[in-house]
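The primary structure of each chain is shown beneath.
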Amino acid sequence: MTPTAEQVLDVRGLTVSTGGLDLVSDIGFRVGPGERVGLIGESGSGKSLTAAAVLGLLPDGLRATGSVRLTGVELLGASERALSAVRGRRMTTVFQEPMTALNPSMRVVDQVAEVMLVHRTRPDRRSARAAAVELLAGVRLPDPVEAGRAYPHQLSGGQRQRVLLAIALANDPELLICDEPTTALDVRVQAQVLDLIRGASAALLFITHDLAVVASVCDRVLVMYGGRLVEAGPVAEIFRRPRHPYTRGLLDASDLDSTDERGRLRTIPGSVPAAGAFPEGCVFRTRCAGADDDCVDLPPWTGTPEAGTACWHPLGAPDVRA
Ligand code: SF4
């Protein structure tokens, strides 16, 4: 593993496949220092597989190719030992269900302390425990000393998610990857946890299907469909003037004030095909009202890695020529 660049995360040509079937195809994006990037799309679009590939945590039978660099250091193909030294230290995660991530038989303060001891960012258990209590206070767990003595099942869902965030931030990571971290929480607790995530100094890759959450947390957004990146750009720009019909559909479907001509809430017609069963050419063409003969071919990415789209007929912009 050799360091080369200044981006925190630099993903190029990432493809995840199984048995000759590509589930994620040729994904490329970057996350700069302190930048907060959202990754959105319906279930089955490939968001979580992309995150798993970045983390080196793909299920057995799935294989990733391409390049995933963390501050210039190549992670794809790195040994499990090298990846273990990075995960939990320089790159950390918060998932939707904290119960599966926490050890049910260990007091939470010890779980926060443990991640610092494993990665040797604190010299001994005593200082790690003191730092853990500070971290629990930092994620605004009420009475952190007392709460730290609790086991996970004695805490509420929101409190457990705060503990997970304390663990994720314990070693001052460069990159925090959140996968639907607030989906299971009620609206008030969700807002509090999002506030904490927003306050973290780490670069953020935030995976969600909730566009309102992206709007409140992220600077830039990546839109995935059918295992491909279909649009990317600053949140304000993409949400105001999406270029890709799929992004337009997602925005319309999330707008509870917008109804169709028959007064029904808008949805994207059809459903997401099964993994690996997306059409050739443009992956969205079986659901796109604007599809034509051009769309039988794969549309090229136009724009920059930070802001662009993959569509032959982008909305509000000239057609792309082959
Ligand atoms: S390339 Fe064609 S099918 Fe795909 S989103 Fe654009 S217009 Fe629709």
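Residues numbered from 1 in each chain as written. Predicted model: local features only at pLDDT ≥ 70, side-chain atom pairs only at ≥ 80, totals over all residues. Heavy atoms only, no water.

**Remarks on the site of the ligand**
Taken together, H244, P245, C282, R285, C288, G290, A291, C295, C311, W312 and H313 make up all the residues around the ligand. When the residues that make up the shell around the ligand are grouped by side-chain class, the tally is seven nonpolar, three polar and one charged. (Near = heavy atom within 4 Å. Nonpolar A, V, L, I, M, F, W, Y, C, P; charged D, E, K, R; others polar.)

**Topic: helix α11 (residues 245-254)**
Along α11, the residues that are buried comprise P245, Y246, T247, G249, L250 and L251. Check the buried side of α11 and you find it contacts β3 (36-40), α9 (211-217), β9 (220-225), β10 (228-234) and α10 (235-240). (Buried < 20%, exposed > 50% of the residue type's maximum accessible area, 1.4 Å probe, protein only. Helix = DSSP H or I, 4+ residues; strand = E, 2+ residues; numbered from the N terminus. Contact = heavy atoms within 4.5 Å.)

**Description of the domain arrangement of the protein**
Interface size is commonly expressed as the accessible surface area that is lost when the partners come together. Assigned domains of the protein: these are domain 1 (9-90 + 173-309) and domain 2 (105-172). Its C-alpha centre places domain 1 at a distance of 30 Å from the equivalent point of domain 2. Carbon and sulfur atoms make up 63% of the area that domain 1 and domain 2 hide from each other, which totals about 1,300 Å². For the domain 1 face of the interface with domain 2, the top three residues by lost area are R89, P173 and L196, together amounting to 43%. (Domains from an automatic or database assignment. Buried area = accessible area lost by both parts, 1.4 Å probe.)

**Focus: the side chain of T309**
Relative to the helices and strands, T309 is located in strand β12 (residues 308-309). A relative accessible area of 4% places T309 in the buried class. Aside from chain neighbours lying at most four places away, what touches T309 is V230, E231, R243, H244, P300, W301, T302 and P314.

**Considering the packing of helix α7 (residues 157-169) against helix α8 (residues 187-199)**
Two elements in contact, α7 and α8, have axes whose closest approach is 10 Å; the angle formed by their N-to-C orientations is 10 degrees. Classified by the interaxial angle, the pair formed by α7 and α8 is roughly parallel. Of the residues in α8, those in contact with G158, Q161, R162 and L165 of α7 are V189, Q192, V193, L196 and I197. Among the residues forming the contact of α7 with α8, the class breakdown is five nonpolar, three polar and one charged. (Axes fitted to C-alpha atoms, helices over the stretch in contact; angles between N-to-C directions. Parallel < 35°, antiparallel > 145°, perpendicular 65-115°, else oblique.)

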